[in-house]
Amino acid sequence: MKYTLLALLTGFVISCGPAQNAKKVTKTNVDYASTITVDDLKSHLYTFASDEMQGRMTGSEGQKMAAEYLVNFYKSEGIAGGVTAEDYYQEIPASYFSRARDPKDSENVLAFIKGSEFPDEVIVLSAHYDHVGTDKKGNVYNGADDDGSGTVSMLEMAQAFQQAVKEGNGPKRSILFLHVTGEEIGLYGSRYYTDNPVYPLENTVCNLNTDMIGRIDPDKAGGPDYIYLIGSDKLSQELHDVSEMINSKYVNLELDYTYNDENDPNRFYYRSDHYNFAKNNIPIIFYFNGTHEDYHQITDTPDKIEYELMAKRAQLIFLTAWEVANREGRITADKVKP
């Protein structure tokens, strides 16, 4: 999976060695959250959702270029692979994509930061990095919001956590950064991971899934900064309460639960990668900005992203993950009946 063009596009300096812990630096969670910046998000997204990535269709050359972009970033940050310390690819055979018209081999991308006190307890941050390719005329579906926004936000979160590690403030619990393929054709990548978990599902604390956080729903135009949350209270009241507390204390977005309604006709709870964790009774939160006129259109491009709002949303997710990773007790699925 070597693409010379991609190496030129990324400009990443590859360093596979483990991060070296420096003398502990006194910093807070807010200090690390503030490293998630508009400029960095924009820089990543203009490359990740560019025409060069060919719409990132599952199994295509563009999807594999996108995977390599992610791996090169993690290597450049000194963040270990999530399959083994050196291996970032969870390979998925073409035969697994049973409903695809022309199935091809694909791969999830996994990176891992080991917890300092409870390394066997794993928080999964997820986003799908595939999209829908090109149309018959060769126009590229860039997928800047869907889900370039979630993908590059995860890179910034990983960088923030790794900076904390380098400064002696790494998370107590482990963090798995799970970039899944095949979401657009049926949630395949996340299902493959939960069918073939690298880390036991019983040790998986929660899944925070980020799918479309770069735009504004037309129904929200002119209103306060917001994010839709789905599923936060379905399996764990504890996770929901932590989420609310973190937002109130640090970020103050409007948390809108419209699509969390059991009777929501859109059924978004069942339509993104968190669901494959939820059906295994793992607490989840799905972060979502809602749909818009460019959803699944060739006009979903990086220039239309609301980068300042996207940064706030990414900071909220990071700060929530930080709290879950560092709190004294493990989050549990306290609403699941034995």
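Residues numbered from 1 in each chain as written. Predicted model: local features only at pLDDT ≥ 70, side-chain atom pairs only at ≥ 80, totals over all residues. Heavy atoms only, no water.

This brings us to the packing of aromatic side chains. What characterises a pair of aromatic rings is the spacing of the ring centres plus the angle enclosed by the ring planes. This model, assessed by the stated rule, comprises 24 aromatic pairs. Here Phe161 and Trp322 contribute two aromatic rings whose centre-to-centre distance is 5.9 Å and whose plane-to-plane angle is 15°, an arrangement assigned as stacked. Placement of Phe161 in helix H5 (residues 144-166) and of Trp322 in helix H9 (residues 307-326) is noted, with a sequence separation of 161 residues between them. You can call Phe161 buried: its relative accessible area is 0%. Cluster of aromatic residues (ring-pair linked, three or more members): Tyr32, Phe73, Tyr74, Phe161, Phe177, Phe318 and Trp322. Sitting over the face of the ring of Tyr269, Lys234 holds its NZ or CZ atom 5.2 Å from the ring centroid. Here the basic side chain of Arg313 rests over the ring of Tyr226, its NZ or CZ set 4.8 Å away from the ring centre. (Phe/Tyr/Trp six-rings, centres within 6.5 Å; stacked < 30°, edge-to-face > 60°. Helix = DSSP H or I, 4+ residues; strand = E, 2+ residues; numbered from the N terminus. Buried < 20%, exposed > 50% of the residue type's maximum accessible area, 1.4 Å probe, protein only. Lys NZ or Arg CZ within 6 Å of the ring centre and 35° of its normal.)

Most of strand S5 (residues 173-180) sits inside the fold, with eight of its eight residues counted as buried. Where strand S3 (residues 106-113) meets S5, five bridges bridge the pair, whose relative direction is antiparallel. The residue bridging Val109 from the neighbouring strand is His179, located in S5. Inspection of the sheet shows strand S4 (residues 118-128) paired to S5 by eight bridges, in the parallel sense. Pairing of Val124 across the sheet is with Leu176, part of S5. Between the parallel elements S4 and S5, the chain passes through H5 in a crossover that is right-handed. (Pairing = 2+ DSSP bridges. Right-handed = clockwise from strand over helix to strand, strands pointing away.)

We now examine the side chain of Asn326. Locating Asn326 in the fold gives a position in helix H9. For Asn326, a relative accessible area of 18% corresponds to the buried category. Among the polar contacts made by the side chain of Asn326, one reaches the main-chain amide nitrogen of Lys172 at a distance of 3.1 Å. Sequence-distant contacts of Asn326, that is, excluding residues within four places in its chain, are made with Gly170, Pro171, Lys172 and Arg173. (Polar contact = N/O pair within 3.5 Å; in protein donor to acceptor, adjacent residues only side chain to side chain. Contact = heavy atoms within 4.5 Å.)

Right, let's get into the nonpolar core. One finds Tyr74, Leu125, Phe161, Phe177, Tyr287 and Phe318 to be the most contacted residues of the largest nonpolar core, which totals 67 residues. When residues no more than four places from it in sequence are discounted, the contact partners of Phe161 are Ile113, Leu125, Pro171, Ile175, Phe177, Phe318, Ala321 and Trp322. Listed in part, the 24 residues of the second largest apolar core include Tyr199, Leu201, Ile230 and Phe288. (Core = buried A, V, L, I, M, F, W, Y, C linked by side-chain atoms within 4.5 Å.)

The next thing to look at is the pattern of salt bridges. Opposite charge on two side chains allows them to pair when their charged atoms are near. Following the criterion strictly, the structure yields 13 salt bridges and no others. Lys64 is paired through a salt bridge with Glu107; the nearest N and O atoms lie 3.0 Å apart. With a gap of 43 residues between them, Lys64 in helix H4 (residues 61-77) and Glu107 in strand S3 connect regions that are remote in the sequence. There is no split in this pair, since Lys64 and Glu107 are both buried. One salt-bridge network, in which partners are shared between bridges, spans Arg215, Glu293, Asp294 and Lys304. (Salt bridge = Lys/Arg side-chain N within 4 Å of Asp/Glu carboxyl O.)

With that settled, consider the environment of Gln237. Along the chain, the position of Gln237 falls in helix H7 (residues 237-251). Here the alpha-carbon distance between Gln237 and Thr332, two residues 95 residues apart in the chain, equals 8.8 Å. Setting aside its immediate chain neighbours within four residues, Gln237 contacts Asp334 and Lys335.

Cis geometry is found at the peptide bond from Asp146 to Asp147, where omega equals -10°. With respect to the secondary-structure elements, Asp147 resides in helix H5. With phi around 55°, Gln54 is a residue other than glycine that occupies positive phi space. Gln54 sits in the partly exposed class, given a relative accessible area of 31%. Not every positive phi belongs to a glycine, and His296 is a case in point at roughly 60°. Its location among the elements puts His296 in the loop between strand S9 (284-288) and H9.

To continue, consider the packing of H5 against H9. For the pair H5 and H9, interaxial distance at closest approach is 10 Å and the crossing angle is 50°. The orientation of H5 with respect to H9, classified from their angle, is oblique. Regarding H5 and H9, the two cross each other, and that crossing is right-handed. For the pair H5 and H9, the contacting residues are Ser149, Val152, Ser153, Met157, Ala160, Phe161 and Ala164 in the first and Met310, Ala314, Ile317, Phe318, Ala321 and Trp322 in the second. (Axes fitted to C-alpha atoms, helices over the stretch in contact; angles between N-to-C directions. Parallel < 35°, antiparallel > 145°, perpendicular 65-115°, else oblique. Left-handed = near helix turned anticlockwise from the far one by under 90°.)

A few words now on the environment of Ala80. Tracing the sequence through the fold places Ala80 in strand S1 (residues 80-81). Spatially, the C-alpha atom of Ala80 lies 18 Å from that of Ala66, the residues being 14 residues apart in sequence. Setting aside anything within four residues of it in sequence, one finds Ala80 in contact with Ala85, Tyr88, Ala111 and Phe112.

Within the secondary structure layout, Asn169 lies in the loop between H5 and S5. A residue is classified by how much of its surface remains accessible, and Asn169, at 11% relative accessible area, is buried. At 2.8 Å, the side chain of Asn169 forms a polar contact with the side chain of Tyr32. Within the structure, Asn169 has its side chain in polar contact with the backbone oxygen of Glu167 (distance 3.4 Å). Leaving out residues up to four positions away in the same chain, Asn169 has contacts with Lys24, Val25, Lys27, Tyr32, Ala164 and Trp322.

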